[in-house]
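Chain and residue survey
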Amino acid sequence: MDNVDWVLVVRGASLGFTILVISGLLHPLVVKFSVPLGLAWLVFGSVVAFMAAAWRVGPADSPVLTGMLAALISYTLSVPLIYISERHLVPQDVLMFAGLAIVVGSIVGFVAGRRHLE
């Protein structure tokens, strides 16, 4: 954990959380047009949030781990809001989006680290 730049994790998680909240607030409007489009909106908003969270980690010693943690923490911060709005959590959905955060955060962290080295 010494290779993790916690300042970059917090900054990235904050940005990712903000995007998750905004996309979550827009979700009911998208669902009014189409329910399948609403599901795609949730996934798209999450991927964009996780990418934004992990994009700033280029100068970290371990950009893959730092990006992964930034994306995962941004999602973890949004889970209580999901619970409050829906009054329940579906464990499979929570695990699926957490896995998505880990994968997207790791990949974007890797790319950001490589980009920073150039």
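First things first, this report covers the structure right here in the doc. Values in this document were obtained by computation on a predicted structure and should not be read as measured data. (Residues numbered from 1 in each chain as written. Predicted model: local features only at pLDDT ≥ 70, side-chain atom pairs only at ≥ 80, totals over all residues. Heavy atoms only, no water.)

1. Some thoughts on helix α1 (residues 6-33)
For α1, with 28 residues, the first-to-last C-alpha span of 40 Å sits near the 40 Å given by 1.5 Å per residue. Most pronounced at H27, the bend in α1 amounts to some 40 degrees, and the proline P28 follows within four residues. Within the sequence span of α1, burial applies to L8, V9, G12, A13, G16, L20, S23, H27 and V30. Of the surrounding elements, those touching the buried residues of α1 are α2 (35-55) and α3 (63-86). In this structure D5 caps α1, since a side-chain oxygen of it lies 3.3 Å from the backbone nitrogen of V7. (Helix = DSSP H or I, 4+ residues; strand = E, 2+ residues; numbered from the N terminus. Expected span 1.5 Å × (residues − 1). Bend = angle between axes of the 7 residues up to and from the residue. Buried < 20%, exposed > 50% of the residue type's maximum accessible area, 1.4 Å probe, protein only. Contact = heavy atoms within 4.5 Å. Polar contact = N/O pair within 3.5 Å; in protein donor to acceptor, adjacent residues only side chain to side chain.)

2. Thoughts on the nonpolar core
Listed in full, the 12 residues of the largest apolar core are L20, A49, F50, A54, A71, Y75, V79, F97, A98, A101, V104 and V108. Within the residue set of this core, elements represented by two or more residues are α2, α3 and α4 (91-117). At five residues, α4 tops the list of elements feeding residues into this core. Among residues more than four places away in sequence, those in contact with A71 are F50, A53, A101 and G105. (Core = buried A, V, L, I, M, F, W, Y, C linked by side-chain atoms within 4.5 Å.)

3. Considerations on the packing of aromatic side chains
Evaluation of the coordinates by the stated rule reveals three aromatic pairs. Each residue in the set F50, Y75 and F97 is aromatic and connected to the rest through ring pairs, giving one cluster. (Phe/Tyr/Trp six-rings, centres within 6.5 Å; stacked < 30°, edge-to-face > 60°.)

4. Brief notes about α2
Counted at 1.5 Å a residue, the expected span for α2 with its 21 residues is 30 Å, and the 30 Å between its end C-alpha atoms agrees. By the burial criterion, the buried members of α2 are G38, G45, S46, A49, F50, A52, A53 and A54.

5. Some points on the side chain of S46
Tracing the backbone shows S46 in helix α2. The class of S46 is buried, set by a relative accessible area of 7%. Ignoring sequence-local partners within four residues, the contact set of S46 consists of L20, F97 and L100.

6. Details of unusual backbone geometry
Look at R87: it is not a glycine, yet its phi comes out positive at around 70 degrees. Considering the arrangement of structural elements, one finds R87 in the loop between α3 and α4.

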